[in-house]
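Here is what each chain is made of, one letter per residue.
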Amino acid sequence: MTKFLYHLGIHLYGWALHLAAAFHPKARKWVKGRNDWNNSLRENLPQKSQWIWVHCASLGEFEQARNLIEYLKSNQPEIGILLSFFSPSGYEIRKNYAHADHICYLPLDTAKNAREFVEILKPDLVFFVKYELWINYLNELEKRNIPTVLLSARVREKSSFFTSPLATLYKRVFRSFYMIFTQDKISKELIQDFSGTDKIMVSSDTRYDRVRANKEAFSEIPEIQQFKKDRLCIIAGSSWPKGEELLMQAFEELSQDLDICMIVAAHEIRESRISAWVQKYPRISQRFSKISELKDEDRILWIDNIGMLSRLYHYGDIAYVGGGWGTGLHNILEAATFGCPVLIGPIHDKFPEAAEMIEAGGCFEIKDIHTMKSHLKRLLESAELRAAINRINKDFIAERSGATEMVISWMKEKGFIS
């Protein structure tokens, strides 16, 4: 019965997306990207004697797998890497990623699609990232004795895998993995108790390796330094309207007494939002695309392009990271690796790194305008406090790094790579 429910749910989901495609751009990309996927895969897949397939839901999961992919292509370029995405937001941004030999959408998880996809690719090893558990694909891979690995897995006690009507299917799926690498000991124990598998290792989260790699590969942005000058700088990264409103209100008041500036890189680059803010603060605002028109009195720089954020934190003395008001907290580790004190909204219970950084003293929760102003004022006025937090956050990242190296060592030990 549970198999029937899963198959029915998958087909209903596919039909719903086809209907939504008429009205919703993201659904339209989801559907269009999977049109004629089998012929496209056959025609465009290069010849390789060995294939490793890495599947990611979207961009966040891609970043978790990225260091591993780049290690493999740097050290064993003869191995083919197929990178698949579920979400258009991941595929559209990384469809030209240079370190994968083929990039595609994952076809809908029907038994027929799974059978055909695996038959065309014939992978030697498969990585599913975090909690992408597509039952038909995993069943097909198990039938063919193709080893599958769950990378950077993290579950909670109330995860749907344990509580849904499909729990018996997920129990079997967890047991089918050749190896599971979890972000923490709690995830290991929960999966172990639920499924009975002992093929689990605690590796930490590969995102820590990724943000360290980003920092090590940092390249200057002269225009940002030109804007910052010698002023203290607040970086608003992946911000949403609620956080921006509080931040702007606090900045307006604090900048009357302090020589500070701010760079805003919103989660969604919308012309209407940027225009509204620029019109509200016309005397002190500038867009990055018009940086050549920079004025001495400009204090707020609005980033109107994609792809700069992880480097912007290098110039920050304080970072506000968006998503903590209900949309889902964005990556605070990108700011922490540069040593920035981090401010976040109050909703972050699904992000254990936030609680750990708050406990360590490197991250601060914002609940309202009063806490926004008080934390900013305290941090801006104390160079000693900023220096102490800089060390805390850099150590926080360093102590949790190394997951990718553990996975690579395991792959060598098992003979998947040399």
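If you're wondering where the values come from, they're calculated on a predicted model, not measured in any experiment.

Asker: Tell me about the overall build of the chain, residues and numbers included.
Answerer: A count of helical and extended segments in the chain gives 20 helices and 14 strands. If one aligns the C-alpha atoms of the chain with their principal axes, the spans along those axes are about 70 × 45 × 45 Å. When the 418 residues of the chain are sorted by exposure, 55% land in the buried category. For the chain, long-range pairs separated by at least 24 residues make up 67% of all intrachain contacts whose partners lie at least 6 apart in sequence. Per element, the accessible surface of the chain, about 19200 Å² overall, is 51% carbon and sulfur. Here the chain carries 55 positive and 53 negative side-chain charges, and the mean point of each set is 4 Å from the other.

Asker: Now, about the sheet that holds strand 8 (residues 232–239): what can you tell me, with residues and values included?
Answerer: The strand order across the open sheet formed by 7 strands is 10-11-9-8-12-13-14, and the pairing between neighbours is parallel. Each edge of the sheet is formed by a strand with only one pairing partner; in this case those strands are strand 10 (285–287) and strand 14 (363–365). Across the sheet, the axes of successive neighbouring strands diverge by a mean angle of 20°, strand direction being ignored. In this structure, strand 9 (residues 260–266) lies alongside strand 11 (residues 300–302), joined through 3 bridges in parallel fashion. Each residue of the ladder has a partner; that of Val264, found in strand 11, is Trp302. Packing against the sheet, helix 13 (residues 241–254) makes contact with strand 8, strand 9, strand 11 and strand 12 (318–321), and its axis sits at approximately 170° to strand 9.

Asker: Kindly report on empty space enclosed by the protein, identifying the contributing residues and their values.
Answerer: Rolled over the atoms, a probe as big as a water molecule pinpoints where empty space is left. All chains considered together, the criterion is met by 2 cavities of 30 Å³ or more. A volume near 60 Å³ is recorded for the largest cavity. In terms of lining, the largest cavity is formed by Glu244, Val264, Ala266, Glu268, Arg270, Arg273, Ile274, Trp277, Trp302 and Ile303. Contributing elements (two or more residues each) for the lining of the largest cavity: strand 9 and helix 14 (271–280). No other element matches the 3 residues that helix 14 contributes to the lining of the largest cavity.

Basis of the calculations
Residues numbered from 1 in each chain as written. Predicted model: local features only at pLDDT ≥ 70, side-chain atom pairs only at ≥ 80, totals over all residues. Heavy atoms only, no water. Helix = DSSP H or I, 4+ residues; strand = E, 2+ residues; numbered from the N terminus. Buried < 20%, exposed > 50% of the residue type's maximum accessible area, 1.4 Å probe, protein only. Contact = heavy atoms within 4.5 Å. Areas by Shrake-Rupley, 256 points an atom, 1.4 Å probe, with all protein chains shown as cover. Lys, Arg positive; Asp, Glu negative; His and termini not counted. Charge placed at Lys NZ, Arg CZ, Asp CG, Glu CD. Pairing = 2+ DSSP bridges. Axes fitted to C-alpha atoms, helices over the stretch in contact; angles between N-to-C directions. 1 Å grid on protein atoms, 1.4 Å probe; cavity = no way out; pocket = protein on both sides within 12 Å on 5 of 7 lines; lining within 4 Å. Points joined across faces, edges and corners; volume = space filled by probe spheres on them.

Shape is all these values report; function is a separate question.
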